[in-house]
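# Observations on the model geometry
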Amino acid sequence: MTRIRAEVGGLAITADVDREAPLGWRFWTLAGFPGDPLQPRPFGGSRCVPLATVEIGGCQRWLCAMELDGTFQLFTGHELFPCADQAGAAPFVEAVIDSHADQLRLL
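Residues numbered from 1 in each chain as written. Predicted model: local features only at pLDDT ≥ 70, side-chain atom pairs only at ≥ 80, totals over all residues. Heavy atoms only, no water.

## Digging into the overall build of the protein
- Within the protein one finds one helix and seven strands.
- Going from the N terminus to the C terminus, the protein shows its helices and strands as β-β-β-β-β-β-β-α.
- Computed over its C-alpha atoms, the radius of gyration of the protein comes to 14 Å, within 12% of the 13 Å expected for a compact globule of 107 residues.
- Out of the 107 residues belonging to the protein, those deemed buried represent 37%. (Helix = DSSP H or I, 4+ residues; strand = E, 2+ residues; numbered from the N terminus. Rg over C-alpha atoms; globule rule 2.2 N^0.38 Å. Buried < 20%, exposed > 50% of the residue type's maximum accessible area, 1.4 Å probe, protein only.)

## Regarding the environment of Pro40
- With respect to the helices and strands, the residue Pro40 is situated in the loop between β3 (28-30) and β4 (47-56).
- The residues contacting Pro40, other than those within four sequence positions of it, are Phe33 and Pro34. (Contact = heavy atoms within 4.5 Å.)

## Section: helix α1 (residues 89-100)
- Between its first and last C-alpha atoms α1 spans 17 Å; for 12 residues at 1.5 Å apiece the expected length is 16 Å, and the two agree.
- For α1, the set of buried residues is Ala89, Phe92, Val93, Val96 and Ile97. For α1, the arc enclosing every buried residue in end-on projection is 125°, short of the 170-degree limit, so these residues lie on one face. Set apart from the buried face of α1 by more than 90 degrees, the exposed residues are Pro91 and Ser99. (Expected span 1.5 Å × (residues − 1). Arc of directions from axis to C-beta.)

## Examining the nonpolar core
- Ile4, Val17, Trp25, Val49, Leu51, Leu63 and Phe72 are the most contacted members of the largest nonpolar core, which totals 22 residues.
- Mapped by element, the contributors of at least two residues to this core are β1 (2-8), β2 (11-17), β4, β5 (59-66) and α1.
- Element by element, the count of residues in this core is highest for α1, at five residues.
- When sequence neighbours within four positions are dropped, the list of residues in contact with Val17 reads Met1, Thr2, Ile4, Trp25, Leu51, Ala52 and Ile97.
- Formed by seven residues, the second largest nonpolar core is a distinct cluster that contains Leu30, Phe43, Cys48 and Cys64. (Core = buried A, V, L, I, M, F, W, Y, C linked by side-chain atoms within 4.5 Å.)

This is the structure:
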């Protein structure tokens, strides 16, 4: 397990991420699309990787790393759909975990 620190919409979130996901690291696609007149989403249709579940306001959310710009977002499970293209998922996750790992510092 590696503890990471993520900034999401003004929240500072700490989550433990297992470096070996049970089914392997896989990309998912976010529902919606930016031009949707009913529910526009800046990341709609882009790939992301769910890293861990976190509780926000009493609700479970997936902490996801967005491939498009390397940011973190929070989603419910029904907002994520399997993605057919899995190219580069594992290296992307390794880079995200390494760059956001909460390293111990010597005083």
